[in-house]
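Next come the chains, spelled out residue by residue.
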Amino acid sequence: MGVPLMTPGTDLDLTALSCWLEGALPGFKGPLKAEKFNRGQSNPTFRLSAASGDYVLRRKPPGVLLKSAHAVEREFRVQKALAGSDVPVARMHVLCEDDSVIGSAFYVMDLVRGRNFDEPRLPDLDPQTRRGIYDELNRVLAAIHGIDLEARELADYGPGGNYYRRQIDRWTKQYRASETGPIPAMDELIAWLDANVPEDDGRRTLVHGDYRIDNLLFAVDGPACVAVLDWELSTIGHPFADLAALIMQWQHPPGAEGRGLAGVDRKSLGIPEDQDFIDAYCARMGLTGIPGFGFYLAFAFFRMGAILQGVKKRALDGNASNPELGLKLGESVPHYAAGGLKAARQG
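Owing to the predicted nature of the structure, the values given are computational and were not obtained by experimental measurement. (Residues numbered from 1 in each chain as written. Predicted model: local features only at pLDDT ≥ 70, side-chain atom pairs only at ≥ 80, totals over all residues. Heavy atoms only, no water.)

Trainee: So what exactly am I meant to see when it comes to the pattern of salt bridges here?
Mentor: Pairs can form between side chains of opposite charge once their charged atoms are near each other. A complete count under the given rule lists 20 salt bridges for this structure. Put simply, Lys 313 and Asp 317 hold a salt bridge, and the shortest N to O gap is 2.9 Å. Of this pair, Lys 313 and Asp 317 are both found in helix α9 (residues 293-317), four residues apart, which corresponds to roughly one turn of the helix. Judged by its relative accessible area of 26%, Lys 313 falls in the partly exposed class. (Salt bridge = Lys/Arg side-chain N within 4 Å of Asp/Glu carboxyl O. Helix = DSSP H or I, 4+ residues; strand = E, 2+ residues; numbered from the N terminus. Buried < 20%, exposed > 50% of the residue type's maximum accessible area, 1.4 Å probe, protein only.)

Here is the structure:
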């Protein structure tokens, strides 16, 4: 619980950044200081402190990047579109797509103050408060999937067609581009997913793409979510992908590394079981259930494995936000592949 750790000093050109913000951000006034958030492996994130207030900057990492990855422009667009909706987001200020300013595209948003939980057991809270936090986690997920795409001018935010077919193809391609050695279980999982893609059921909603408790900020004095963070993987797609990704996270061991709920006595802690959380989501979405959930869960394991393989490759190439952590996360890819195969067998 608390504010994510930060590292003093950055690789930002504060002089160039301050000069650009003076012309682009109304009311901005220096001098400017910056600290880098240690969390996050994809788009480096910084807290900016200036005479005019505090802000957050997210930028693309330096170096050669995979096509379509690290799309800060899309992050900016979707959060700006969600302003005033039932999905709480930070206020967007300015987007800079000119690489010459600090070396890569970036955007600046409000610094939202709140509680961040990186441990889903919520060890510092009482059972009643935990129940409130998890109910809010459920509510916000349903709110994301209930966004009116036309009204929010997001109808073109992702391509049409079968979301899972498109995603499996995309992440398989990115996984192959990031491979650093053979992982037979990952090859088997890719083959199973490729052969078991369900027919398109017509569901087409906004999806966050990395929805989990540590990507939300909660009010300091209650369970209300005050901001959903890290929209890099958001698109128009199938809502069950977000739900399965959250359930997938909970299959891991508890603690600082696994950050899961496997083996935890959830009832005593006030944390819902997987099926209870799914049932509450279905009630909010007007669904009677989700047949064949094993496929969605297997896909969630696969996609996270592919993402972490990319993190490992960037760490080896010297382009990761936190190289040491990136290499450590990359070691878990075989475990994600194994988890995906287990989910596939469950059906």
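Trainee: Explain the pairing of strand β3 (residues 45-50) here, please?
Mentor: Among the six residues in β3, six count as buried, and that is most of the element. Burial along β3 is two-sided: the residues Thr 45, Arg 47 and Ser 49 and Phe 46, Leu 48 and Ala 50 are all buried. Examined bridge by bridge, strand β2 (residues 32-37) and β3 share five bridges and lie antiparallel to one another. Looking at the pairing, Ala 34 lines up with Leu 48 of β3. Relative to strand β4 (residues 53-59), β3 runs antiparallel, the two being bridged by six bridges. Opposite Ser 49, over in β4, you have Asp 54 as the bridge partner. Counted between consecutive antiparallel strands, the loop separating β3 from β4 contains two residues. (Pairing = 2+ DSSP bridges.)

Trainee: How should the environment of Ala 16 be read in this particular structure?
Mentor: Turning to its location among the elements, Ala 16 is positioned in helix α1 (residues 14-24). On a C-alpha basis, the gap between Ala 16 and Ala 337 in space is 44 Å, while along the polypeptide they are 321 residues apart.

Trainee: Where do I start with the packing of helix α6 (residues 240-250) against α9 in this structure?
Mentor: Between two packed helices, the angle of one axis relative to the other and the distance separating the axes together describe the packing. At a closest axis distance of 8 Å, the pairing of α6 and α9 adopts a crossing angle of 70°. The pairing of α6 with α9 is recorded here as roughly perpendicular in orientation. Contact residues: α6 offers Phe 240, Ala 241, Leu 243, Ala 244, Ala 245, Ile 247 and Met 248, while α9 offers Phe 293, Tyr 296, Leu 297, Phe 299, Ala 300, Phe 301 and Met 304. Of the residues that constitute the contact of α6 with α9, the class distribution is 14 nonpolar, no polar and no charged. (Axes fitted to C-alpha atoms, helices over the stretch in contact; angles between N-to-C directions. Parallel < 35°, antiparallel > 145°, perpendicular 65-115°, else oblique. Contact = heavy atoms within 4.5 Å. Nonpolar A, V, L, I, M, F, W, Y, C, P; charged D, E, K, R; others polar.)

Trainee: So what exactly am I meant to see when it comes to the state of the cysteines here?
Mentor: Inspection of every chain in the model, using the stated rule, returns zero disulfides. The structure places no disulfide on Cys 19, whose sulfur is separated from the nearest cysteine sulfur, that of Cys 96, by 12 Å. (Disulfide = S-S within 2.5 Å.)

Trainee: Would you explain the side chain of Arg 59 in this entry?
Mentor: Locating Arg 59 in the fold gives a position in strand β4. Judged by relative accessible area, which is 5%, Arg 59 ranks as buried. Here Ile 102 takes part through its backbone oxygen, which lies 3.0 Å from a polar atom of the side chain of Arg 59. Beyond its immediate stretch of four places on either side in the chain, Arg 59 contacts Asp 11, Leu 12, Asn 43, Pro 44, Phe 46, Val 72, Ile 102, Gly 103, Ser 104, Ala 105 and Phe 106. (Polar contact = N/O pair within 3.5 Å; in protein donor to acceptor, adjacent residues only side chain to side chain.)

Trainee: Got a minute to help me understand the sheet that holds strand β9 (residues 216-218) in this structure?
Mentor: Each strand in a sheet pairs with another by means of backbone hydrogen bonds, the pair being arranged parallel or else antiparallel. Across the sheet, which stays open at both edges, the three strands sit in the order β7-β9-β10 with antiparallel pairing between neighbours. Edge positions in the sheet fall to β7 (115-116) and β10 (225-228), since each of these pairs with one other strand and no more. One ladder, built from two bridges, connects β7 with β9; its direction is antiparallel. Paired with Asn 116 across the strands is Leu 217, a residue of β9.

Trainee: I would appreciate a short explanation of the nonpolar core in the present structure.
Mentor: Among soluble globular proteins, nonpolar side chains are generally buried collectively. Grouped together as the largest cluster of nonpolar side chains are 78 residues, with contacts concentrated most on Val 87, Tyr 134, Leu 206, Trp 231 and Phe 293. Element by element, the count of residues in this core is highest for α9, at 14 residues. Excluding residues within four positions of it along the chain, Leu 206 makes contact with Val 78, Leu 82, Ile 144, His 145, Ile 147, Leu 149, Tyr 157, Trp 231, Thr 235 and Ile 236. Among the nonpolar cores identified, the runner-up in size contains 18 residues, and Leu 17, Phe 28, Phe 46 and Val 108 belong to it. (Core = buried A, V, L, I, M, F, W, Y, C linked by side-chain atoms within 4.5 Å.)

Trainee: What's the story with helix α5 (residues 184-195) in this structure? I'm lost.
Mentor: Count 3.6 residues to each turn of an α-helix, and residues three or four apart come out pointing the same way. Over its twelve residues, α5 runs 17 Å from end to end, which matches the ideal 16 Å to within 8%, given 1.5 Å per residue. Buried within α5 we find Met 186, Leu 189, Ile 190 and Leu 193. One face of α5 carries all of its buried residues, which in axial projection span an arc of 100°. Exposed and facing more than 90 degrees away from the buried side of α5 are Pro 184 and Ala 195. Residues of α5 that are buried in the fold lie against α4 (163-178), α9 and α11 (333-346). (Expected span 1.5 Å × (residues − 1). Arc of directions from axis to C-beta.)

None of the figures reported here should be taken as evidence of function without further support.
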